[in-house]
Amino acid sequence: MTTLDTAASATTGGPALAQERRLVTAIPGPRSQELLDRKAAAVAAGVGHTAPIAAVAAGGGVVVDADGNSLIDLGSGIAVTSVGNAHPKVVEAVQRQAASFTHTCFMVSPYEGYVAVAEALNRLTPGDFPKKSALFNSGAEAVENAVKIARKATGRQAVVAFDHAYHGRTNLTMALTAKSMPYKSGFGPFASEVYRAPMSYPYRDGLTGPEAAARALSVIEKQVGADNLAAVIIEPIQGEGGFIVPAEGFLPAISEWCTANGVVLIADEVQSGFARTGAMFASEHFGLVPDLVTTAKGIAGGLPLAAVTGRAEIMDAAHVGGLGGTYGGNPIACAAALASIDAFETEGFVERAAELGEIMLGRMRALQAEDPRVGDVRGLGAMVAIELVDPATQAPAPALAGAVAKRCIAEGVVVLTCGTYGNVLRFLPPLSIGDDLLHEGLDVVAAALAAEVAA
Ligand SMILES: Cc1ncc(COP(=O)(O)O)c(C=O)c1O
């Protein structure tokens, strides 16, 4: 047994974990440092980390490290553990399924869990029309497959993605992703027939939704042409790009144009889906009914699962054998997804996300009123961010955002940054976090911001 095993066996995760911020060493403590040294020696340098800790347990609203520090979790492992880490229903379902069978490959010997997840997704995603789904392992894989399906269904090749978009790290999804460093730099050449349109970014472009849509559609029509365009892919609320909420009317206008021109509209809900925004899917806030929806992250309580769901006639366009993968829709991941979906539907997580959003937006707006470095406060439900800027010019302040996030982690609160300009602090706690812990986490954020001199 290593020291890390000993620490892990001393505590289990899930909601029973003490819900407190507790620092018993500096971060990283000696046991975490031991793992980080091993990581540096054994793991490729390109795989970075935000919090310098060795996690041994997590649940409710905390992550516990190998030294016994308990950190408030405002990141959910990047929007994944929405039902909470080690949710009892997920743990039970995973254990039961693992003891029954771990893999047959759905393309070889199908099993019920996969079909039941597809049925649930067809029921839950926006749109009152016949739908079908296909399951994969990661968000990027879902996006790749959505594009494949749209191309096959339309017989066209071009795909439009937006400024500030993030769709993954595989070759096609790197091409769809906007930001060069760190996601694309040096990794080209990228997939062809990908075009970029300007996004609605109310804080920075000052445009109404219809104005921003007209700008985007003009670029699409002039630089691509509807006849060549298979799909438009968009995050209803952009994630890595900075939690950008488009202006009202932007998404419906893009959607109407796609429908009128036979272009498949793909909503990438990998980060915004599954209760995160106070609706089961963020599209619902905008009245958006996409042709295809990509999901992952929150779908399975932490197990790797992803999906493409959409109009049955589009989903069925790909020939037999054209979609799939050895592990796609793994039975354990499907069991976890069914348990998570049950929790989302019966434990009030959608409503809870909205409540958490009220708390976070209220606190951050109060902070903004006192501190002009908080240029913008935005988000929906438990997907909230602040954009830090130079108060005189509104120029992005990435150094300040990085310093605040680092200080928060040192003080026992896991906070993530994002944004094309690296100047956004994003808050996406597990929906299982308690009010007190959330307030304490936000107190630490406010104190960290106050402690940093203007960047
Ligand atoms: C909107 C969006 N799409 C796709 C992805 C890629 O998902 P994955 O990391 O599971 O490949 C992400 C990941 O952050 C995302 O936020």
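Along each chain, residues carry numbers from 1 onward, in the same order as the chain's sequence is written. Per-residue local features are limited, in this predicted model, to residues with pLDDT of at least 70; the limit for side-chain atom pairs, both in listing and counting, is 80 or more; totals at the level of whole chains, interfaces and linings are taken over all residues. Side-chain numbers here rest on the full set of heavy atoms in the structure, without hydrogens or water.

Would you take a moment to explain the site of the ligand for this structure?
Taken together, Ser 138, Gly 139, Ala 140, Tyr 166, His 167, Gly 168, Glu 235, Glu 240, Asp 268, Val 270, Gln 271 and Lys 297 are the residues near the ligand. A distance of 3.1 Å is found between an oxygen atom of the ligand and a side-chain nitrogen or oxygen belonging to Lys 297. Per-residue and other accessible areas follow the Shrake-Rupley method at a 1.4 Å probe size, with only the shown protein chains counted as cover for residues. Here the ligand loses 84% of its free accessible area of 390 Å² to cover by the protein chains. Whether a residue is near a molecule or strand depends on its heavy atoms: it is near if one of them lies within 4 Å of it. For the purposes of these results, a polar contact is taken to be a pair of N or O atoms within 3.5 Å, where, inside protein, one atom must be able to donate a hydrogen and its partner to accept one; residues adjacent in sequence count only when each atom of the pair is a side-chain atom.

What exactly am I supposed to notice about the side chain of Thr 309 here?
Labels follow the DSSP assignment, with helices taken as runs of H or I lasting at least four residues and strands as runs of E lasting at least two, numbered in each case from the N terminus. Its place among the elements puts Thr 309 in strand β10 (residues 306-311). The exposure class assigned to Thr 309 is buried, which follows from its relative accessible area of 1%. Polar side-chain contacts of Thr 309 include one of 2.7 Å to the side chain of Ser 133. For this analysis, residues touch if any pair of their heavy atoms sits within 4.5 Å. Setting aside chain neighbours within four positions, we find Thr 309 in contact with Leu 121, Asn 122, Thr 125, Lys 131, Lys 132, Ser 133, Asp 291, Leu 292, Val 293 and Met 315. Buried means the residue's accessible area, taken with a 1.4 Å probe over protein chains only, is under 20% of the maximum for its type, while exposed means over 50%, and partly exposed covers the values in between.

Any chance you could explain the domain arrangement of the protein chain here in plain terms?
Think of interface size as the accessible area that goes away when the parts come together; that is how it is often given. An automatic or database domain assignment provides the domain bounds reported here. Each domain of the protein chain was delimited in the assignment, giving domain 1 (3-86 + 349-454) and domain 2 (90-346). Taken together, the 40 residues of domain 1 in the interface contact 34 residues of domain 2. For the pair domain 1 and domain 2, the summed buried area comes to about 2,900 Å², and 62% of that belongs to carbon and sulfur atoms. Once two parts are joined, some of their accessible surface, as seen by a 1.4 Å probe, is lost; buried area is that loss totalled over both. Among the residues of domain 1 in contact with domain 2, Val 350, Leu 380 and Met 383 are the three that bury the most area, contributing 24% of the side total. Salt bridge, as applied in this entry: a Lys or Arg side-chain nitrogen positioned within 4 Å of an Asp or Glu carboxyl oxygen. Counting every contact that joins domain 1 to domain 2 gives two salt bridges. Viewed at the interface, domain 2 and domain 1 are joined by 17 residue pairs in polar contact (both at pLDDT 80 or more). At the level of secondary structure, the elements contributing two or more residues to the side of domain 1 that touches domain 2 comprise α3 (76-79), α13 (349-370), β11 (374-380), β12 (383-388) and β15 (424-427).

Looking at this structure, I do not really get the environment of Gly 310. What am I missing?
Mapped onto the fold, Gly 310 is located in strand β10. Those residues within four positions of Gly 310 in sequence are excluded, and the remaining contacts are Pro 130, Lys 131, Lys 132, Asp 291, Leu 292 and Met 315.

Explain unusual backbone geometry here, please?
Among all residues save glycine, negative phi is the norm, and among peptide bonds the norm is trans. With an omega dihedral of 10 degrees, the bond running from Met 181 to Pro 182 counts as a cis peptide bond. The peptide bond linking Gly 188 to Pro 189 adopts the cis configuration, its omega dihedral lying at 5 degrees. Locating Pro 189 in the fold gives a position in the loop between α7 (171-176) and β6 (194-197). With a phi angle near 65 degrees, Ala 79 is a residue other than glycine that sits in the positive phi range. Position of Ala 79 among the secondary structure elements: in helix α3. Among the residues examined, Ala 79 registers a relative accessible area of 2% and is labelled buried.

What's the story with the sheet that holds β11 in this structure? I'm lost.
Within a sheet, adjacent strands bond to each other through the backbone by hydrogen bonds, running parallel or antiparallel. Spatially, the four strands line up as an open sheet ordered β11-β12-β15-β14, and their pairing is antiparallel. Strand pairing shows two members of the sheet lacking a second neighbour, β11 and β14 (416-418), which therefore form its edges. Each strand axis lies, on average, 25 degrees off the axis of its neighbour in the sheet, ignoring direction. By definition, two strands form a pair when at least two bridges between them are found by DSSP. As defined by bridge partners, β11 adjoins β12 across six bridges and the pair is classed as antiparallel. Paired with Arg 378 across the strands is Ala 385, a residue of β12. Angles shown run from 0 to 180 degrees and are taken between the N-to-C directions of axes, each axis being a line fitted to C-alpha atoms and, for helices, limited to the stretch in contact. Against the sheet, helix α14 (residues 398-410) touches β12, β14 and β15, its axis set at about 40 degrees to β15.

Would you take a moment to explain the pairing of β6 for this structure?
Within a regular strand, the side chains alternate between the two sheet faces. Alignment of strand β5 (residues 158-162) against β6, held across four bridges, turns out to be parallel. The partner of Ala 161 across the bridge, within β6, is Arg 196. Handedness rule for crossovers: strands pointing away from the viewer, path from the first strand over the helix to the second running clockwise, crossover right-handed. Remark: the β5/α7/β6 crossover connection has right-handed handedness.

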